[in-house]
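The primary structure of each chain is shown beneath.
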Amino acid sequence: MRALILDTETTGLDPATGDRVLEVAAIEVVNFMPTGREFHRLIDPQRDVPEEAARIHGFTREMLAGKPLFDAILPDLLDFLADDPVVAHNAPFDFNFLDHEFRRCGAPVIDRRRMVDTLAIAKARFPGLPNSLDALCRRFAVDNSMRTSHNALLDVKLLSQVYLELMGGKQPGLALAAQATGPVLVASTGPAGPRQPRPIVPSPGELERHAAFMARFKENPWAATGAAPSTSPGTP
């Protein structure tokens, strides 16, 4: 499953009053894991950057002068996003700004059905608790010590780790018990810390009851080999 983790930085809070996007970043995740592919552009907003906004993300009008305009980066952005889900923290904010920028360029807006809002997910999972990106990083032990300002590329990398946790746990920590002789539970890392694998090995009595149960079937393809049948192509 492919998805894009996206963030924008802007000149203010309301595109309806003339605020513009000045930075867009997105990274690709497949099965919740970053693939290393990323999209990142700084954009000339064609207007001033208020001091209060510059304090948040660190970008000034002078730093952005001469950067590409939004319509110049739009084809590459659309190509990167393709038709996959777009994940953002407080996603309606980013989508609202992108809607205005897309309309300025005469392009169709991103279908809201593709939007995944991690803030809404976090509020449902942790009602009544702080659910900002920083708060979630602390809750899930995601290192955000380098986040001294709201940089879109850094934020999407942090959000990708938070999104992974919100959807069920860190995939890199998954492991099977090395010495197990039968099916095992999977070890993972979550907010409560590492979980120890617990091998599940059937007892002799369980094996006998299983054999008795299987003997009731007229055809038992596992009886001869003691293993499950192959599912390789060409198997009858």
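Preceding this paragraph is the structure being described.
Residues numbered from 1 in each chain as written. Predicted model: local features only at pLDDT ≥ 70, side-chain atom pairs only at ≥ 80, totals over all residues. Heavy atoms only, no water.

(A) Expanded view of helix 7 (residues 152-166). Across its 15 residues, helix 7 extends 20 Å between first and last C-alpha, which sits within 8% of the 21 Å expected from 1.5 Å per residue. Capping of helix 7 at its N-terminal end is provided by Asn151; its side-chain oxygen lies 3.0 Å from the backbone amide nitrogen of Leu153. Phi turns positive, to about 135 degrees, at Gly168, one or two residues after helix 7. (Helix = DSSP H or I, 4+ residues; strand = E, 2+ residues; numbered from the N terminus. Expected span 1.5 Å × (residues − 1). Polar contact = N/O pair within 3.5 Å; in protein donor to acceptor, adjacent residues only side chain to side chain.)

(B) Just the packing of helix 5 (residues 118-125) against helix 7, in detail. Look at helix 5 against helix 7: their axes get within 11 Å of each other, and the N-to-C directions meet at 40 degrees. In this view, helix 5 runs oblique relative to helix 7, as classed from their interaxial angle. The crossing of helix 5 and helix 7 is left-handed. Residues Thr118, Ile121, Ala122 and Arg125 of helix 5 form the contact with helix 7, whose participating residues are Leu159, Tyr163, Glu165 and Leu166. Looking at the contact of helix 5 with helix 7 residue by residue, the class counts come to 5 nonpolar, 1 polar and 2 charged. (Axes fitted to C-alpha atoms, helices over the stretch in contact; angles between N-to-C directions. Parallel < 35°, antiparallel > 145°, perpendicular 65-115°, else oblique. Left-handed = near helix turned anticlockwise from the far one by under 90°. Contact = heavy atoms within 4.5 Å. Nonpolar A, V, L, I, M, F, W, Y, C, P; charged D, E, K, R; others polar.)

(C) Main features of the packing of helix 3 (residues 70-81) against helix 4 (residues 91-104). Relative to each other, helix 3 and helix 4 sit at 110 degrees, their axes nearing to 10 Å. One element, helix 3, and the other, helix 4, form an angle in the roughly perpendicular class. In the packing of helix 3 onto helix 4, the handedness of the crossing is left-handed. On helix 4, the residues touching Phe70, Leu74, Leu77 and Leu78 of helix 3 are Leu98, Glu101 and Phe102. A breakdown of the residues in the contact of helix 3 with helix 4 according to their chemical character gives 6 nonpolar, no polar and 1 charged.

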